[in-house]
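Here's the letter readout for the chains.
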Amino acid sequence: MDRFVENSLPHPASSTVGRGAASPSIAAWWLGRTAYRDAWDLQHRLVAARYAGRIGDQLLLLEHDPVLTLGRHSDPSHVLATPAELAARGIEVVETERGGEVTYHGPGQLTAYVIVKLADRKLLVRPLVRALEAALAGTCADFGVEASPRDGFPGCWCDAGSRKIGAVGLRIERGVSYHGIALNVTVRLSDFELLDACGMPGVESTSIARELGKPAEPTTDSVARAAAVFAVALADEIGAQLDGALPPHADSDAARVDLEALLAAPRGGPGAAVTT
């Protein structure tokens, strides 16, 4: 476990402040372990502020407690566990407004929420999905794992599309995206037996740890390292300058305080532009 964390997931060289092209910046926030409903509420408030022009684009990087989320058109029958089994494990099922089918989130998995005003970047939805998939693949490659998109099946896959390592699910409201991606880092793969992942019966889920042949217990530290790599990869894919402190330099408690200050700031006031 410790050897995986120390040797398989490299530390980023810096906080990456100021990287990227001369296009609108995106502010990255490492929030650490966060309850799903808390992050969901935060996304809604950030989307409203982004639509109103009070803030710029935002990227939330975090890890959830165990939860199953359903997309707006998903089939609940893809949740294979009974309510009693889920309750015994302390796993909630949450119906959301995002696209896609049922998805598992939990310890050892990177979740990233992308709040972007598409028109300001001259982005359409499909190119944004492709950018997220490319950033997932690039993150895996940085850790020595070969992965790529699979035609007709959003996300990121290993071994010519036979094992799924990352999921993509977005919602666009008033031209602003939210929700985003999930990347299995050191996640407990047995938890995927609770569902047909992404509504695909029989799909095999994998993780960076498994693909490296280094089984590991879920750790927030491994997720933090993956978060730092993914943030840089996504900023590169959408041609954005990346602002904000990333692991290992980020302080998740301070990030929460700064985000609330950002949301409370008047239009054009302190916090309208984030340069953490």
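What counts, and where the lines are drawn
Residues numbered from 1 in each chain as written. Predicted model: local features only at pLDDT ≥ 70, side-chain atom pairs only at ≥ 80, totals over all residues. Heavy atoms only, no water. Helix = DSSP H or I, 4+ residues; strand = E, 2+ residues; numbered from the N terminus. Expected span 1.5 Å × (residues − 1). Buried < 20%, exposed > 50% of the residue type's maximum accessible area, 1.4 Å probe, protein only. Disulfide = S-S within 2.5 Å. Core = buried A, V, L, I, M, F, W, Y, C linked by side-chain atoms within 4.5 Å. Pairing = 2+ DSSP bridges. Axes fitted to C-alpha atoms, helices over the stretch in contact; angles between N-to-C directions. Contact = heavy atoms within 4.5 Å. Phe/Tyr/Trp six-rings, centres within 6.5 Å; stacked < 30°, edge-to-face > 60°. Salt bridge = Lys/Arg side-chain N within 4 Å of Asp/Glu carboxyl O. Parallel < 35°, antiparallel > 145°, perpendicular 65-115°, else oblique. Left-handed = near helix turned anticlockwise from the far one by under 90°. Nonpolar A, V, L, I, M, F, W, Y, C, P; charged D, E, K, R; others polar.

S.K.: Just to check I follow, could you spell out helix H2 (residues 36-51) for this structure?
M.R.: In an α-helix, one full turn covers 3.6 residues, which means residues spaced three or four apart are oriented alike. For H2, built from 16 residues, the straight-helix expectation of 22 Å at 1.5 Å per residue is met to within 8% by its first-to-last C-alpha distance of 23 Å. By the burial criterion, the buried members of H2 are Tyr36, Ala39, Trp40, Leu42, Gln43, Leu46, Val47, Ala49 and Arg50. Looking one or two residues beyond H2, the residue adopting positive phi is Gly53, at roughly 80°.

S.K.: What's the story with the state of the cysteines in this structure? I'm lost.
M.R.: Chemically, a disulfide is nothing more than a covalent bond linking the sulfur atoms of two cysteines. For the coordinates displayed, the defined rule picks out zero disulfides. Between Cys140, a cysteine without a disulfide, and Cys156, which holds the nearest cysteine sulfur, the sulfur-to-sulfur distance is 4.8 Å. Judged by relative accessible area, Cys140 falls into the buried class, the value being 0%. Take Cys158: it sits in no disulfide, and the sulfur closest to it among the cysteines is that of Cys140, at 5.8 Å.

S.K.: Is there a simple way to explain the nonpolar core in this structure?
M.R.: General note: in soluble globular proteins, nonpolar side chains tend to be found buried as a group. If you look at the biggest cluster of nonpolar residues, it comprises 46 residues, and the most contacted ones within it are Leu59, Leu61, Leu110 and Phe230. Within the residue set of this core, elements represented by two or more residues are strand E1 (26-34), strand E2 (57-64), strand E6 (109-115), helix H4 (125-142), strand E8 (153-158), strand E9 (163-173), strand E10 (176-184) and helix H6 (220-238). Counting residues in each nonpolar core, the second largest holds 23 residues, with Trp40, Val47, Leu60 and Tyr178 among its members.

S.K.: Which parts of the structure should I look at to understand the sheet that holds strand E3 (residues 67-70)?
M.R.: Whenever strands of a sheet pair, they do so through backbone hydrogen bonds, lying parallel or antiparallel. Pairing within the open sheet is mixed, and its three strands lie in the order E4-E3-E5. A strand with exactly one partner marks an edge of an open sheet, and here the two such strands are strand E4 (92-95) and strand E5 (103-105). Ignoring strand direction, the axes of neighbouring strands in this sheet form an average angle of 25°. In this structure, E3 lies alongside E5, joined through three bridges in antiparallel fashion. Within E5, the residue paired with Val67 across the bridge is His105. Lying on the sheet, H2 is in contact with E3, E4 and E5; it crosses E4 at an angle near 20°.

S.K.: Any chance you could explain the packing of aromatic side chains here in plain terms?
M.R.: The relative placement of two aromatic rings is captured by the distance of their centres and the angle of their planes. Here the structure, examined in full by the defined rule, presents three aromatic pairs. Considering the side-chain rings of Tyr104 and Phe192, the 5.3 Å spacing of their centres and the 65° angle between planes classify their relative orientation as edge-to-face. On the criterion of sequence distance, the pair formed by Tyr104 in strand E5 and Phe192 in the loop between E10 and strand E11 (204-205) is long-range, its members being 88 residues apart. No difference in accessibility class separates Tyr104 from Phe192, as the two residues are buried. Aromatic side chains Phe153 and Trp157 sit 6.4 Å apart centroid to centroid with 70° between the ring planes, which places their arrangement in the edge-to-face category. Take Phe153: its relative accessible area is 32%, and that puts it in the partly exposed class.

S.K.: Looking at this structure, how should I read the pattern of salt bridges?
M.R.: Should their charged atoms come close, side chains of opposite charge can pair. Within the structure shown, the criterion is met by 15 salt bridges. With its nearest N and O atoms 2.9 Å apart, the salt bridge here joins Asp65 to Arg33. A residue pair is termed long-range when its members are at least 10 positions apart, and Asp65 in the loop between E2 and E3 and Arg33 in strand E1 qualify at 32 residues. Taking the relative accessible area as the measure of exposure, Asp65 reaches 33% and is therefore partly exposed. The partner of Arg188 in a salt bridge is Glu217, and the shortest N-O contact between them spans 3.1 Å.

S.K.: Help me out: how do you make sense of the environment of Ile181 in this one?
M.R.: Among the secondary structure elements, Ile181 is positioned in strand E10. Taking the C-alpha atoms as reference points, Ile181 and Val129, separated by 52 residues in sequence, lie 9.5 Å from one another. With sequence-adjacent residues up to four places away left out, Ile181 is seen in contact with Leu110, Thr111, Ala112, Leu132, Leu136, Ala167, Val168 and Phe230.

S.K.: Is there a simple way to explain the packing of H4 against H6 in this structure?
M.R.: Any two packed helices are characterised by how steeply their axes cross, that is the angle between the axes, and by the distance between the axes. The geometry of H4 relative to H6 is characterised by a closest axis approach of 8 Å and an angle of 135° between their N-to-C directions. Considered as vectors, H4 and H6 are oriented oblique to each other. As H4 runs across H6, the sense of the crossing is right-handed. For the pair H4 and H6, the contacting residues are Ala131, Leu132, Ala134, Ala135, Leu136, Thr139 and Asp142 in the first and Ala226, Val229, Phe230, Ala233, Leu234, Glu237 and Ile238 in the second. When grouped by side-chain class, the residues that make up the contact of H4 with H6 number 11 nonpolar, one polar and two charged.

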